[in-house]
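# Coordinates in review
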Amino acid sequence: MTLSVPTTSLCPEFTVCGQITVADVAVLAKQGYKSIINNRPDGEGGPSQPRSAEIEAAAKAHGMRYVHVPASSPMLSAAQVEAYRRACADLPHPVVAFCKSGGRASAFFQACGGQVGCGTQG
């Protein structure tokens, strides 16, 4: 089994990627990820995009934690960044974060100063 999208490791504990499928959750769990962060608003990609609740159910079924911190653009508010930082502090690592292409997930990582996973043990 392989992922439907490529991933980019930003540090040993934090990886980003584009939109995952429900089937990808099993692959991510097998690869050792403990948490998933979804940065994509529901419905952004039309009816073919899995809904947050579907990804969350798959994550829970595989013993993973799941957080939905949607952002509709890479221009992040201070409130969004703080919510992200709090979510990451509470999640077991390693973490994979996704959006349409991985850009917003990377923007959150950068906005948090790269401290949302690197050097964190989960």
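See the structure printed just above.
In short, a report on the structure. (Residues numbered from 1 in each chain as written. Predicted model: local features only at pLDDT ≥ 70, side-chain atom pairs only at ≥ 80, totals over all residues. Heavy atoms only, no water.)

## Let's talk about helix H4 (residues 103-111)
Where H4 is concerned, the buried positions are Arg-104, Ala-105, Phe-108 and Phe-109. What you see down the axis of H4 is that its buried residues fit within an arc of 145 degrees, all on one side. Next to the buried residues of H4 lie strand S1 (7-11), strand S2 (14-17), helix H3 (78-90) and strand S5 (95-98). Once H4 ends, the next one or two residues include Gly-113, with phi positive near 70 degrees. (Buried < 20%, exposed > 50% of the residue type's maximum accessible area, 1.4 Å probe, protein only. Helix = DSSP H or I, 4+ residues; strand = E, 2+ residues; numbered from the N terminus. Arc of directions from axis to C-beta. Contact = heavy atoms within 4.5 Å.)

## A look at the packing of aromatic side chains
Summed over all chains, the structure comprises two aromatic pairs. Ring plane angle 5 degrees and centroid distance 4.0 Å describe the contact between Tyr-84 and Phe-108, whose orientation is recorded as stacked. Linking Tyr-84 in helix H3 with Phe-108 in helix H4, this pair joins segments that are 24 residues apart in sequence. Among the residues examined, Phe-108 registers a relative accessible area of 0% and is labelled buried. (Phe/Tyr/Trp six-rings, centres within 6.5 Å; stacked < 30°, edge-to-face > 60°.)

## Focus: the environment of Thr-7
Within the secondary structure layout, Thr-7 lies in strand S1. The spacing of Thr-7 and Ala-97 is 90 residues in sequence and 9.6 Å in space, taken between C-alpha atoms. Setting aside chain neighbours within four positions, we find Thr-7 in contact with Thr-15, Val-16 and Cys-17.

## A closer look at the sheet that holds strand S3 (residues 35-38)
Strand order across the open sheet formed by five strands is S1-S2-S5-S3-S4, with mixed pairing between neighbours. Only two strands of the sheet have a single neighbouring strand rather than two, namely S1 and strand S4 (65-68). Each strand of the sheet is rotated relative to its neighbour by a mean of 20 degrees, with strand direction disregarded. Across four bridges, the pairing between S3 and S5 is parallel. Its bridge partner lying in S5, Ser-35 is registered against Val-95. Along the sheet, H4 contacts S1, S2 and S5; its crossing angle with S2, the most-contacted strand, is approximately 150 degrees. (Pairing = 2+ DSSP bridges. Axes fitted to C-alpha atoms, helices over the stretch in contact; angles between N-to-C directions.)

## Structural notes on the pairing of S4
Relative to S4, S3 runs parallel, the two being bridged by four bridges. By the bridge assignment for S4, Ser-35 is matched with Arg-65. In this fold, the crossover linking S3 to S4 by way of helix H2 (residues 52-61) has right-handed handedness. (Right-handed = clockwise from strand over helix to strand, strands pointing away.)

## Examining H2
Three or four residues apart is the spacing at which side chains of an α-helix point the same way, because the helix has 3.6 residues per turn. All of the buried residues in H2 are Ser-52, Ile-55, Ala-58 and Ala-59. Seen along its axis, H2 keeps its buried residues to an arc of 135 degrees; they face one direction. Projecting away from the buried face of H2 at angles above 90 degrees are the exposed residues Ala-53, Lys-60 and Ala-61. Buried residues belonging to H2 abut helix H1 (22-30), S3, S4 and S5. Looking one or two places after H2, you find Gly-63, whose phi comes out positive at around 75 degrees.

## Structural notes on unusual backbone geometry
Of note, the bond from His-93 into Pro-94 is cis; its omega dihedral lies within 30 degrees of zero at 5 degrees. Its location among the elements puts Pro-94 in the loop between H3 and S5.

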